Structures are given as C-alpha cells and as structure tokens.
Amino acid sequence: MQIGMIGLGRMGGNILRRLMRHGHQGVVYDRDEKAIAALASDGATAASGLEELVRKLLPPRAVWIMLPSGEVTEATVRRLAELLTPGDVVIDGGNSFWKDDVRRAKELKKQGLHYLDVGTSGGTWGIDRGYCMMIGGEKEVVDRLDPIFAALAPGLGDAPRTPGRKDRDPRAEQGYIHAGPNGAGHFVKMVHNGIEYGLMQAYAEGFDILKNAGNAALPEDKRLDLDVADIAEVWRRGSVITSWLLDLTASALAQDARLDAYSGFVEDSGEGRWTIMAAIDEAVPAEVLSAALYARFRSRQAHTFAEKILSAMRKGFGGHLEPKRGPT
C-alpha cells in the first residue's frame, strides 16, 4: 500500500522505514529537509510540502501524521482537510488528546474524509521490535488499512499465548487492536501512558531505597552496600517484576551505577495529566498514577536517585533527553 507520512522525528521516520521493509510505499514530508533526504535515501518519495505530498498519493489516500500534540497537529489536519478528497483518510499516530480526535473526526466527516486516531507505543525501538497500536475510528476504514497496521505490529514474537483467546479478535495477539470509535485509540493509549508513569515510579523508588541502604545516617551494623546494577540484572531473570522497563533500567545501571549522566529532571508528555483528568471525570480513584505524576512535578525542584532512574528509562524507550536546564 501507499501512505503519506508527515513528521519524520524519533518515531515517524522509523514507522515509515518499517513499512517500506514490508513492501509498502511512502511519500514523506517534514520541515527538516535532512530528515526528508534521509528517508528518500532509504527509498521513500520526497515531498516539498503538504500540497506535493497529497499530489503524489493515489486516491483513496492515507496520510499519517506523527507530530507533537497541540497546534502543529491541528494546523496540519486543517490544511489536509483543504487538500484531500472524499474517501481519503487522515491518521493521527501521535499523542493527541482523545477528545480532540472526536472533534476532528466530526469536522472531517462533513467533507467526506475519514479519521483514525492511533495510539502508538514502541518508542525508538519500534522499527525492529514493532509497534503496539490502539486504533480508534470506523471499522471499515480500519479494516481497509489493515495491511499497514499488520506490518507495523510486532506479531506474536516469543510471548506465550494467552489461554482462552481462541474465539477472540486475533489482532490483539499480533500487537494491535481496533479499540472502538474515534477517540478510543488515544484514550486507551492515554491510560497506557498513565500506567507507565506508575510502573516507572515504582521501579524508581525501589532502586532509590536499595541505593540508600548504606546511608551513613543508619546504624553501622544495619548498613547494606548493595550493587544496584546486579540487582536489576537478577530481577530480569525469572522474577515477577520482569519487564522491558526493568531491562532498560538494568542496561542504564550496567553502564553507570551512579547515573551521573542524569540530573533527575523528569518531563511529562501530558498523557499522565489526561489520565488523571479522566479518572476525575469517572470518579475512579487513581492514587498511584496521581502520585507518579506529582513526583515528576517535584523532580523539577529537587532531584533524587529515583528521578535519575526515571530519566534513564525515558531515554531508553523513547530517546527523551533531559532539558539542559530547568525552568528559571
């Protein structure tokens, strides 16, 4: 299939590369000409702007946007609405707020255009590992673009199959689902990221406790000099808290057990905040997720080893770099 890709950053470029590996064709645009040239050298068709990108796509077109949430995505959707023709599809694979998806889908539908919101998880590793996708939109449109999603998904891999799934949607086992109508994809991804905050915070606090077991404030005979790098590694082998986040933590600690390269200033993408907002709307208690979000706020004022662990994990899975300096 042919697809347009707008936004060739940490994930957009790699999503297109994975698709091309599976025989799909891509037309690409980014404000960064070097990013366009890099994808073109890999086999994509370059476009100098949105108008040219649309011209080079055969109808019914599918245009995937991989841009930061907010005005840049809004402006791109508005411009595409002016350029596309009935039957074309706009796909937002970034981390947009799910209620914005509902609004955009309604606006595009008036012009005969379709809209899919695709919560996409996989970070900078997705080009090889594949991307877990949670898709919102019309069933017939999702089904039509299934070859795209199947190519991006990780597949069964080496994860054991879950008993009792014989008569359920097989796409979930492949790493992607049609979550529901417009907004459902980004809603599920939003909660996914909220859970991610809580998991990361639990690891971070646990390793902080381990590191401080030898604190001079403790009685001398109660001090423990623990090797946190080895602890992270052994926990990866058969323990009940094994995870990819733990893998990334072990890798970071093996390279530098003190994590001196990190300040502990931890950003949040907005997904954690939206998850808490949803919990409030639904009157659902979310103590752990709320505490994890507030811990990130606090990290911008005072830093601990726990925050360095968080920063190391964020760099590991998403290539997120700490700001060179905090807000003044």
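Residues numbered from 1 in each chain as written. Predicted model: local features only at pLDDT ≥ 70, side-chain atom pairs only at ≥ 80, totals over all residues. Heavy atoms only, no water.

Just checking my understanding: could you explain the overall build of the protein for this structure?
Scanning the protein from terminus to terminus reveals 15 helices and eight strands. For a compact globule of 328 residues, the expected C-alpha radius of gyration is about 20 Å, and the protein comes in at 22 Å, within 12% of that figure. With the C-alpha coordinates aligned to their principal axes, the bounding extent of the protein is approximately 75 × 50 × 40 Å. In the protein, which comprises 328 residues, the proportion classed as buried is 48%. (Helix = DSSP H or I, 4+ residues; strand = E, 2+ residues; numbered from the N terminus. Rg over C-alpha atoms; globule rule 2.2 N^0.38 Å. Buried < 20%, exposed > 50% of the residue type's maximum accessible area, 1.4 Å probe, protein only.)

Where do I start with the layout of surface pockets in this structure?
One water molecule sets the probe size; rolling that probe over the atoms shows where empty space is left. When its volume is computed, the second largest pocket comes out at roughly 200 Å³. Trp125, Leu248, Ser251, Ala252, Gln255, Asp256, Leu259, Ala261, Tyr262, Ala312, Lys315 and Gly316 are the residues that line the second largest pocket. Secondary structure elements with two or more residues in the lining of the second largest pocket: α12 (244-255) and α15 (305-318). Considering each element in turn, the lining of the second largest pocket owes the most residues, four residues, to α12. (1 Å grid on protein atoms, 1.4 Å probe; cavity = no way out; pocket = protein on both sides within 12 Å on 5 of 7 lines; lining within 4 Å. Points joined across faces, edges and corners; volume = space filled by probe spheres on them.)

I'm lost on the packing of α12 against α15 in this one. Help?
Packed helix pairs are characterised by how far apart their axes lie and by the angle those axes make with each other. The geometry of α12 relative to α15 is characterised by a closest axis approach of 9 Å and an angle of 110° between their N-to-C directions. By the angle between their directions, the pair α12 and α15 is classed as roughly perpendicular. Counting all contacts with α12, which are made through Trp244, Leu245, Leu248, Thr249, Ala252 and Leu253, the residues of α15 involved are Phe305, Ile309, Ala312, Met313, Gly316 and Phe317. Considered class by class, the residues forming the contact of α12 with α15 number 10 nonpolar, two polar and no charged. (Axes fitted to C-alpha atoms, helices over the stretch in contact; angles between N-to-C directions. Parallel < 35°, antiparallel > 145°, perpendicular 65-115°, else oblique. Contact = heavy atoms within 4.5 Å. Nonpolar A, V, L, I, M, F, W, Y, C, P; charged D, E, K, R; others polar.)

Explain unusual backbone geometry to me, please; I cannot follow it from the model alone.
Both trends apply: most residues other than glycine have a negative phi, and most peptide bonds are in trans. In this model, Pro59 is joined to Pro60 through a cis peptide bond whose omega is -5°. Its location among the elements puts Pro60 in the loop between α3 (50-55) and β4 (62-65). Look at Leu259: it is not a glycine, yet its phi comes out positive at around 55°. Structurally, the position occupied by Leu259 is in the loop between α12 and α13 (271-282).

Hey, could you run me through the sheet that holds strand β5 (residues 89-92) in this one?
Paired through backbone hydrogen bonds, the strands of a sheet run either parallel or antiparallel to each other. Within the open sheet, the eight strands sit side by side as β3-β2-β1-β4-β5-β6-β7-β8. Their pairing is mixed. Looking at the sheet topology across the chains shown, the edges are occupied by β3 (45-46) and β8 (176-180). Here β4 pairs with β5 via four bridges, running parallel. Looking across to β5, one finds that Ala62 is bridged to Val89. Contacts between helix α1 (residues 12-21) and the sheet are confined to β1 (2-6), β2 (25-29), β4 and β6 (114-121), with β1 contributing the most and set at about 165° to the helix. (Pairing = 2+ DSSP bridges.)

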